Amino acid sequence: MRRLGTMLIAALAVTTSAYAQLVDEFNPPRANCCLADAAKNLADQLLDWNQLGRYRAANIELKKQPPDPQRVVFMGDSITDGWRLAEYFPGKPYVNRGISGQTTPQMLVRMYPDVIDLMPKVFVILAGTNDIARNTGPQTLEMIEQNFMAMTELAQAHNIKVVLCAVMPISDYPALNPQPSAGRGGGPVLIRRKQTEIRPSADILKLNAWLKDYAAKVHAVYADYFAATVDEKGWLKETISGDGLHPNPQGYALMAPVVEAAIQQALQR
């Protein structure tokens, strides 16, 4: 707890220094209610930074069953985590191992318990958008590429076919970013940052170009979600997302045939 307290003090010091200036009015951002609960949540996250415990019980149960020769494991972040695979691929032995917010270094650590030990025929990986957004700190493009390479090589070393998915586009349509309005106390309501500021489209395009080229080199299959969901402006189609990042049911409906074709292609190799 002493170490946790030191970390919290350091974080407060950084925050304070970032706004170290006098203001005309005192209007701090709204705080969460329970500091003790927040500290405990942070401590719990630090104890399982890679979230190996998320699917531990489910993996134990799945391994009790005979291996399915058509099993496919989907690894990813919130876009995969929120995908109800049974609805879009009825009757298919597709296993979801997405975790919201994760980056490629976290997924790399999960490769053995959440993918290899489940003995799938195909491994589908959709990742990278949170790396670009710096969810677990800044990374170079090469660092992200190396994580993809490590996961691909681990899968292929265990005779698992690999499907590398393109990072999806993002969008900042006006309807998704309303103008500030007065809160109950008369102060402005905090508005989330635009997706293009957090995940620059140029970075997405660079990573996708590498993924496509790398897939061809290592005999993996490239699933082009980007092409299936991008509009003429280069953004995520406005009607298939509520926040410019996560697909809604219509978005998943566009993604499903893309990945199903990639899976079938991988199985035939």
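In the block above lies the structure referred to throughout.
Here the structure is a predicted model, which is why all the values come from computation and not from measurement.

> Mind laying out the packing of aromatic side chains, listing which residues take part and the relevant values?
Aromatic rings considered in pairs are described by the distance between their centres and by the relative angle of their planes. By the definition in use, this model includes 11 aromatic pairs. Ring centres of Phe148 and Trp210 lie 6.4 Å apart, and the angle between their planes is 45 degrees; on these two criteria the pair is classed as tilted. Of this pair, Phe148 sits in helix H9 (residues 141-157) while Trp210 sits in helix H11 (residues 201-217), and the two are 62 residues apart along the sequence. Each of the two residues, Phe148 as well as Trp210, counts as buried.

> Lay out H9 with the relevant residues and their values.
Every α-helix winds through 3.6 residues per turn, so residues three or four apart in the chain are directed the same way. With 17 residues, H9 extends 24 Å between its outermost C-alpha atoms, agreeing within 8% with the 24 Å of an ideal straight helix rising 1.5 Å per residue. Where H9 is buried, its residues meet helix H6 (104-109), helix H7 (111-114), strand S3 (122-126), helix H8 (129-132), strand S4 (161-165) and H11. Positive backbone phi, at 60 degrees, marks Asn159, one or two positions downstream of H9.

> Describe the side chain of Ser78, and please don't skip the residues or the numbers.
Along the chain, the position of Ser78 falls in helix H4 (residues 78-81). The residues touching Ser78, leaving out its near neighbours within four places in the chain, are Ile99, Ser100, Gly101, His246 and Tyr252.

> Account for the pattern of salt bridges, naming residues and giving values.
In the structure shown here, the tally under the stated rule is six salt bridges. Arg84 is the partner of Glu87 in a salt bridge, and the nearest nitrogen-oxygen pair spans 3.6 Å. Like Glu87, the residue Arg84 is exposed in the burial classification. Close ionic contact of Asp213 with Lys217 constitutes a salt bridge, the shortest N to O distance being 3.2 Å. Within this pair, Asp213 and its partner Lys217 are both found in helix H11, separated by four residues, close to a single helical turn. A relative accessible area of 38% means that Asp213 is categorised as partly exposed.

> Account for the environment of Ile60, with residues named and values stated.
With respect to the secondary-structure elements, Ile60 resides in helix H3 (residues 56-63). In this structure Ile60 comes out as partly exposed when scored by relative accessible area, which is 40%. Once the C-alpha coordinates of Ile60 and Asp117 are considered, the two residues, 57 residues apart in sequence, prove to be 9.8 Å apart.

> Can you tell me about the sheet that holds strand S5 (residues 221-223), naming the residues and giving the values?
With parallel pairing, five strands are arranged side by side in an open sheet as S2-S1-S3-S4-S5. The sheet is open, and its two borders are formed by strand S2 (94-98) and S5, each paired with just one other strand. With strand direction ignored, the average angle separating the axes of adjacent strands in the sheet is 20 degrees. With five bridges connecting them, strand S1 (residues 72-76) and S3 associate as parallel partners. Bridge assignment links Phe74 to a residue of S3, and that residue is Val124.

What counts and how
- Residues numbered from 1 in each chain as written.
- Predicted model: local features only at pLDDT ≥ 70, side-chain atom pairs only at ≥ 80, totals over all residues.
- Heavy atoms only, no water.
- Phe/Tyr/Trp six-rings, centres within 6.5 Å; stacked < 30°, edge-to-face > 60°.
- Helix = DSSP H or I, 4+ residues; strand = E, 2+ residues; numbered from the N terminus.
- Buried < 20%, exposed > 50% of the residue type's maximum accessible area, 1.4 Å probe, protein only.
- Expected span 1.5 Å × (residues − 1).
- Contact = heavy atoms within 4.5 Å.
- Salt bridge = Lys/Arg side-chain N within 4 Å of Asp/Glu carboxyl O.
- Pairing = 2+ DSSP bridges.
- Axes fitted to C-alpha atoms, helices over the stretch in contact; angles between N-to-C directions.

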